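# Reading the structure
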Amino acid sequence: MHKKILAEYEAEDFLIKYGIPVSKRFLIHSYEELMQVVKNMKFPVDLKIISIDVLHKSDVGGIRICHHMDHIIREYKEIMNIVKRLKIKNFEGIEAQEYVVGKELLIGLKKDETFGHVIAFGFGGIFTEVVKDVNFRVCPIDDKEAEKLINEVKAKEILYGIRGQKPVNFNLLKNVLVKISRIPLEHDNLIELDINPFVMNDGYGKAVDARIVFEE
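Everything quoted here is computed from the prediction, not taken from an experiment.

Time to look at the overall build of the protein. From N to C terminus, the protein includes 7 helices and 11 strands. On C-alpha atoms alone, the protein measures out to a radius of gyration of 18 Å, which is about the 17 Å that the 2.2 N^0.38 rule sets for 216 residues. Along the three orthogonal principal directions, the C-alpha set of the protein runs to about 50 × 50 × 30 Å. Among the 216 residues that make up the protein, the fraction classed as buried is 48%. Considering only residue pairs separated by 6 or more positions, the protein has 64% of its internal contacts joining residues 24 or more positions apart. Only carbon and sulfur atoms are counted for the fraction: they give 51% of the accessible area of the protein, which is about 11600 Å². Across the protein, the mean location of the 32 positive side-chain charges is 3 Å away from that of the 34 negative side-chain charges.

A word on helix α5 (residues 143–151). Considered for burial, the residues of α5 that qualify are Ala 146, Leu 149 and Ile 150. The buried side chains of α5 occupy one side of the element, clustering within an arc of 100 degrees when seen end-on. In this fold, the buried residues of α5 make contact with β7 (116–123), β8 (134–138), α6 (156–160) and α7 (170–182).

Grouped together as the largest cluster of nonpolar side chains are 36 residues, with contacts concentrated most on Ile 107, Ile 119, Phe 121, Leu 159, Leu 177 and Ile 195. Those elements that place two or more of their residues in this core are α1 (8–17), β6 (103–112), β7, α5, α7, β9 (190–200) and β11 (210–215). Sort the elements by how many residues they give to this core and α7 lands first, with 6 residues. Val 37, Ile 72, Met 80 and Ala 96 belong to the second-largest nonpolar core, a separate cluster that totals 20 residues.

Quick look at the pattern of salt bridges now. Inspection of the entire model under this criterion finds 16 salt bridges. Salt-bridge contacts for Asp 188 lead to Lys 111; the nearest nitrogen and oxygen are separated by 3.4 Å. In this pair, Asp 188 sits in the loop between α7 and β9 while Lys 111 sits in strand β6, placing the two residues 77 residues apart along the sequence. On the basis of relative accessible area, Lys 111 is assigned to the partly exposed category, the value being 32%. The salt bridge partner of Lys 174 is Glu 147, with a shortest N-O separation of 3.8 Å. With Lys 174 in helix α7 and Glu 147 in helix α5, the pair connects residues that are 27 residues apart, well separated along the chain. Overall, Lys 174 belongs to the buried group, its relative accessible area being 11%. The class of Glu 147 is partly exposed, set by a relative accessible area of 36%. Through salt bridges with shared partners, a single ionic network connects Glu 8, Lys 48, Lys 57 and Asp 209.

What follows deals with the side chain of Arg 64. Secondary-structure assignment places Arg 64 in strand β4 (residues 63–66). With sequence-adjacent residues up to four places away left out, Arg 64 is seen in contact with Val 45, Asp 46, Leu 47, Glu 75, Glu 78, Ile 79 and Ile 82.

In this section: the environment of Ala 96. Mapping Ala 96 onto the fold places it in strand β5 (residues 91–98). The sequence separation of Ala 96 and Lys 24 amounts to 72 residues, and the corresponding C-alpha distance is 8.6 Å. Ignoring sequence-local partners within four residues, the contact set of Ala 96 consists of Lys 24, Arg 25, Phe 26, Leu 34, Val 37, Met 41, Val 45, Asp 46 and Leu 47.

This brings us to the pairing of β4. Residue alternation in β4 divides its side chains into a buried set, Arg 64 and Cys 66, and an unburied set, Ile 63 and Ile 65. In this sheet, β4 lies alongside strand β3 (residues 45–51) in antiparallel orientation, the contact comprising 4 bridges. Residue pairing across strands places Lys 48 opposite Ile 63, the latter belonging to β4.

Enumeration according to the criterion identifies 4 aromatic pairs in this entry. With a centroid separation of 4.5 Å and an interplanar angle of 35 degrees, the aromatic rings of Tyr 160 and Phe 170 are classed as tilted. With a gap of 10 residues between them, Tyr 160 in helix α6 and Phe 170 in helix α7 connect regions that are remote in the sequence. Taking relative accessible area as the criterion, Tyr 160 reaches 40% and is therefore assigned partly exposed. For Phe 170, a relative accessible area of 18% puts it in the buried group. Grouped by ring-pair contacts, the aromatic residues Phe 14, Tyr 18 and Phe 214 constitute a single cluster. A cation over an aromatic ring shows up here: Arg 25 above the ring of Tyr 9, its NZ or CZ 4.1 Å from the ring centre.

How each quantity is defined
- Residue numbers here run from 1 along each chain, matching the order of that chain's written sequence.
- Since the coordinates come from a predicted model, pLDDT governs what is reported: local features require at least 70, and pairs of side-chain atoms require 80 or more to be given and counted, while whole-chain, interface and lining totals use all residues.
- To get the side-chain values, all heavy atoms of the structure are used, and hydrogens and water are removed first.
- By the criteria applied, helices consist of DSSP H or I runs no shorter than four residues and strands consist of E runs no shorter than two, each listed in order from the N terminus.
- Our radius of gyration looks at C-alpha atoms and nothing else; its globule reference is 2.2 Å times the residue count to the power 0.38.
- Per-residue accessibility, obtained with a 1.4 Å probe over protein chains only, is compared with the maximum for each type, and a residue is labelled buried under 20%, exposed over 50%, and partly exposed between these values.
- Pairs of residues are marked as contacts when any of their non-hydrogen atoms sit within 4.5 Å.
- The Shrake-Rupley method, run with a 1.4 Å probe sphere, supplies the accessible areas, and residue values consider only the shown protein chains as cover.
- For the purpose of charge, His is not counted, nor are the chain termini; Lys and Arg are scored as positive and Asp and Glu as negative.
- By convention, charge coordinates are those of NZ in Lys, CZ in Arg, CG in Asp, or CD in Glu.
- The arc refers to the directions leading from the helix axis to the C-beta atoms.
- What is meant by a nonpolar core is a set of buried Ala, Val, Leu, Ile, Met, Phe, Trp, Tyr and Cys residues, joined one to another through side-chain atoms within 4.5 Å.
- Note on definitions: salt bridges are taken to be side-chain nitrogens of Lys or Arg within 4 Å of carboxyl oxygens of Asp or Glu.
- Only strands that DSSP links by at least two bridges are regarded as paired with each other.
- Any two of the Phe, Tyr and Trp rings considered here, Trp counted by its six-membered ring, make a pair once their centres fall within 6.5 Å; the pair's planes then place it as stacked at under 30 degrees, edge-to-face at over 60, or tilted in between.
- In this scheme, the term charge over a ring applies when either NZ of a lysine or CZ of an arginine sits within 6 Å of the ring centre and within 35 degrees of the ring normal.

Written as structure tokens, this is what we have:
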């Protein structure tokens with residue numbers, strides 16, 4: 001089976017076509033291009049390696065949070081050194097991305113041999129595999145099933161707000177889950193879709209990192 005993999009930037013473009021909110025970002029290919037882009041962005045700014053060869057960017061130091069222009073200059077050089085040191089072949093560029101604050105969630109799709117496409121939802125971020133607070137539903141789902149999926153996570157109280165924190169925007173979250181669950185209706189060859197994290201707060205939610213795999 002031949003696979004087509006969409007790394008973060010391409011995967012995010014795909015999500016935008018289906019109405020999934022994505023954080024503001026730019027794919028840059030040179031230091032000069034980065035300087036032009038950053039002029040129109042607010043700090044902090046994330047810099048990320050974009051490559052299908054680097055699935056877990058944080059493991060190789062491929063994500064850098066920059067709080068001012070001096071950070072941008074230093075971290076750009078550091079990331080390029082990592083690219084050279086690891087000899088990353090499928091290097092697409094560096095993504096300059098707005099820094100989004102909120103709860104880090106995981107939303108995904110997977111093609112199961114028995115059930116067909118299923119949607120996954122739970123808590124995401126770098127501790128996803130440790131926390132293991134993720135639940136599944138067969139696609140597609142409606143608004144009521146999306147609400148049930150949200151309320152099945154063990155730490156759902158965090159979403160509703162604890163210790164004075166505001167609850168996340170549940171209407172938006174349910175809407176996103178429903179939209180993502182319907183993507184396989186048009187793409188039966190989709191094997192895997194992974195949005196981690198999808199960052200949510202009381203006002204908005206945005207995909208911050210994504211990866212998609214298709215069967216060709």
